[in-house]
Amino acid sequence: MGFTANFNLVHAIHHYADADWFFNKIAPVRSAKWDKDQRPLGRRSAWHYRLERGQDAAYYDVCLYHTKMIRYVKPDQHGYREVYIRGHDSNTSRSFLAHNIHRCYNGQGARFTDTENTVRFVPFSPYTHRADWSARLVFDPNGRLVVERSEHLPIYRATVTPEQREARAALRQQMKTINMIAALRMDTYRANAEWEEVSAYHKTLAARTINNLRHDVHKHGYDLNDADFVTSVLENLGQKVFDNLYSHYLTKNDLIVGTRWSMGGQRLRDSASALATNITVKQFTAALERAVMQVFRLDGKDGREAYPDFMPSSDVPKTFLW
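A short tour of the structure in this document, coming up. Predicted, not measured: the structure shown is a model, and the values here were computed from it.

### Quick word on the overall build of the chain
Right, so step 1: Along the chain, the regular secondary structure elements total eight helices and 13 strands.
Right, so step 2: Its C-alpha atoms give the chain a radius of gyration of 29 Å, clearly above 20 Å, the size a compact globule of 322 residues would have.
Right, so step 3: Each of the three principal axes of the chain carries a C-alpha extent, and together these read 80 × 55 × 40 Å.
Right, so step 4: Restricting to contacts in the chain with at least 6 residues of sequence separation, those with at least 24 account for 60%.
Right, so step 5: Counting only carbon and sulfur atoms, one obtains 49% of the accessible surface of the chain, whose full area is about 18900 Å².
Right, so step 6: Counting 44 positive and 36 negative side-chain charges, the chain places the centres of these two groups 6 Å from one another.

### Some remarks on the sheet that holds strand S3 (residues 59-64)
Picture the strands of a sheet paired through backbone hydrogen bonds; they go either parallel or antiparallel.
Right, so step 1: Overall, antiparallel pairing links the seven strands, which are arranged S1-S2-S3-S4-S5-S8-S9 in an open sheet. In this open sheet, the two edge strands, each paired with only one partner strand, are strand S1 (38-40) and strand S9 (151-152).
Right, so step 2: Where strand S2 (residues 49-53) meets S3, five bridges bridge the pair, whose relative direction is antiparallel. Note that in S3 the partner of Leu 51 across the bridge is Val 62.
Right, so step 3: The strands touched by helix H1 (residues 16-25) within the sheet are S1, S2, S3 and strand S4 (67-73), with S3 carrying the most contacts at an inclination of about 80 degrees.

### Quick word on the environment of Ala 169
Right, so step 1: Note that Ala 169 resides in helix H3 (residues 162-184).
Right, so step 2: C-alpha separation for the pair Ala 169 and Arg 130, spaced 39 residues apart in sequence, amounts to 39 Å.

Here is what the cut-offs are and how they apply
Throughout, a residue's number is its position along its own chain's written sequence, starting from 1. At least 70 in pLDDT is required for a residue's local features to be given in this predicted model, at least 80 for side-chain atom pairs to be given and counted, and no such filter applies to totals for whole chains, interfaces and linings, which use all residues. As a convention, hydrogens and water are excluded, and side-chain values are obtained from all of the structure's heavy atoms. Think of it this way: any DSSP run of H or I at least four residues long counts as a helix, any run of E at least two long counts as a strand, and we number them from the N terminus. Put simply, the radius of gyration uses C-alpha atoms, and a globule should come to 2.2 Å times the residue count raised to 0.38. Contacts: residue pairs with any heavy atoms within 4.5 Å of one another. Methods summary: accessible areas were calculated by the Shrake-Rupley approach with a probe of 1.4 Å, and residue burial reflects only the protein chains presented. Note that His is not counted, nor are the chain ends; the positive residues are Lys and Arg, and the negative ones are Asp and Glu. By convention, the charge on Lys lies at NZ, on Arg at CZ, on Asp at CG and on Glu at CD. Only strands joined by at least two bridges in the DSSP assignment are considered to pair. Note on geometry: axes are C-alpha line fits, over the in-contact stretch for helices, and angles between N-to-C directions span 0 to 180 degrees.

Below, the structure is given as structure tokens:
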């Protein structure tokens, strides 16, 4: 769990007029740490929450520690105003943005109504790649977002490239023979099965074996055409994959008696050999194939695709707003 600050006693700045009023209301702090163009947003000793005035009050920066999170630019002669927003991936920074920006999604983005009366979503990407700001937004005198004059850094969704799909298909074809051999070894896997209580956050018991095989693939260029490598997959990885399925089955069905810290240790409600038969060939071969995919790093998504800029709020993927 990440640390998140409490901003209940920190004044929220929502626009330039608010910043200008607040800055002139609060007396400067008489301390060598504070500049004459800085004002505390909370306690006067809390320099890390502050408002900074630009030259001739051309803009105000809302700052969190050493980072300028929001900049409110003075409206022009026609009443149009600019707002700059910098995203960040820390819990405190996201909460700080949400504290200062209306209709904000956990500091990851916010909804704004544009000049066509459409509610737009603006993401605050934390991946600025040396850019000063994640979004530069222009608002008309009525507070509506002027989309054609605004911009923001893109956000992406992970995708699977055609090359990755082809590699997966080729590996599945190779796995057909290996799965047949693995199915014939089920009695061996069951007889040698080891178990331990697992939790929802527990890494797969095969993780270390997968990483070792990844190392072999990377260093020696092994593949499923190498007999010794296939033997290692069947004997070492196959057993660990079976143990993982077995342990999850025992835990899920409450078949383990006692705890790791109990005097008598832990035991099973039935014989290990009887319980191991509950892992079917279909379950095992599917899990083995997934593990081999991980060995060759074909389990993830290797591409990315940018979402449209200024998406209508209704089109925002729920997976983005975690």
